[in-house]
Amino acid sequence: MICILGDAHLDVVVRPLHAVAPDTDTPARTLAGPGGQGANVAAWVAALGGRSRLVCARGTDLAASLIAAELERRGVELAGPVLAGPTGVVVSLSDGGATRSMLTDRGVGPRLSAAHVQAAWLDGCDWLHLPAYSLVAEPMSSAAQAAVAAADAARARLSIDLSSTAALAGYGAARFARLLARLRPDVVFGTEAEMAMIGDLPGPELVVKLGARGVRAGGRAYPAAPTRPVDATGAGDAFAAGYLLGGVGLGLTAAARAVATMGGMP
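About the thresholds
Within each chain, residue numbers correspond to sequence positions counted from 1 in written order. Per-residue local features are limited, in this predicted model, to residues with pLDDT of at least 70; the limit for side-chain atom pairs, both in listing and counting, is 80 or more; totals at the level of whole chains, interfaces and linings are taken over all residues. Calculation of side-chain values draws on the structure's entire complement of heavy atoms; hydrogens and water are dropped beforehand. Here, a disulfide means two cysteine sulfur atoms that sit within 2.5 Å of each other. Numbered from the N terminus, helices here are DSSP runs of H or I no shorter than four residues, and strands are runs of E no shorter than two. Partly exposed describes any residue whose relative accessible area lies between the buried limit of under 20% and the exposed limit of over 50%, with all areas from a 1.4 Å probe on protein chains only and scaled to the type maximum. Expected helix span is taken as 1.5 Å per residue step, with the number of steps being one fewer than the number of residues. DSSP-based pairing: two strands are paired if at least 2 bridges between them are found. Every axis corresponds to a line fitted to the C-alpha atoms, with the helix fit spanning only the stretch in contact, and the corresponding angles, defined between N-to-C directions, vary from 0 to 180 degrees.

This part is about the state of the cysteines. A full pass over the atoms with the stated rule returns one disulfide. Note that C3 is cross-linked by a disulfide to C125, the S-S spacing being 1.5 Å. With C3 in strand 1 (residues 2–5) and C125 in the loop between strand 7 (100–107) and strand 8 (127–131), this residue pair connects regions lying 122 residues apart in the sequence. Of the two residues examined, C3 and C125, each falls in the buried class. In this model C56 remains outside any disulfide bridge; the closest cysteine sulfur is found in C3, 12 Å from its own.

Attention shifts here to helix 8 (residues 248–259). Taking 1.5 Å of rise per residue, 12 residues should cover 16 Å, and helix 8 covers 16 Å from first to last C-alpha, within 8% of that figure. For helix 8, every residue scored as buried is listed here: V248, G251, L252, A254, A255, A256, A258 and V259.

The subject of this paragraph is the sheet that holds strand 6 (residues 87–94). Spatially, 3-2-6-7 is the arrangement adopted by the four strands of the open sheet, whose pairing is mixed. At either margin of the open sheet sits one strand with a lone partner, and together these are strand 3 (28–35) and strand 7. Between one strand axis and the next, the sheet turns by 15° as a mean value, whatever way the strands run. In terms of strand pairing, strand 2 (residues 9–16) meets strand 3 through eight bridges, oriented antiparallel. Counted as the bridge partner of V14 is T30 from strand 3.

Put into structure tokens, the structure is as follows:
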């Protein structure tokens, strides 16, 4: 069982088929569905044969009920409060598989607080996985740290994904490194740029995501699995799910599947 504390929101992936033309129409491929780094990891865990539980705040609009139903259909267990307000929306602009840029409105997600967290949500968990997004805004950061304490009591291991250079810069990279030192994760995932911002992290295993070049883990480089790139959205989340379930090989296989499809979920 892998427990994730993070966002569940509406993901809108847009892949323009031509250069975007100002003040008029540009043909594009689009996909709308559930997303958020936490929700993506949970969905990939379930798709890869594991059990997942997503702890998140859900809104009260139509999108919230649709997203919850879709995640449950995919086999994800849901825990967390329903809070008055809108579901978050993220628009991902994809160039066809190499990179993507995101326009983010997190809705009620960051309003999850320590007062909401129940220790029972961590029962049976082998891992607690935290995106950095869950640690860089209050009151959600207090909720994440309460979950870490409950996971520690339940003898679950902790993994953290650095998530975003913008999120780290906004919080303060040195300050985030000090937070990591206090939380003592077993594994930290991050891109080369994210890892460079954080600097030396003695203690956890560092898994560096290298995009099309694969990953570096335990001082060894692993090439990416062959794939036909369509959209890079969610590839890192798929890798994290596979890694936590079965190590680097399963992570790379999942990432290759993710890159070959539109959107962040299997």
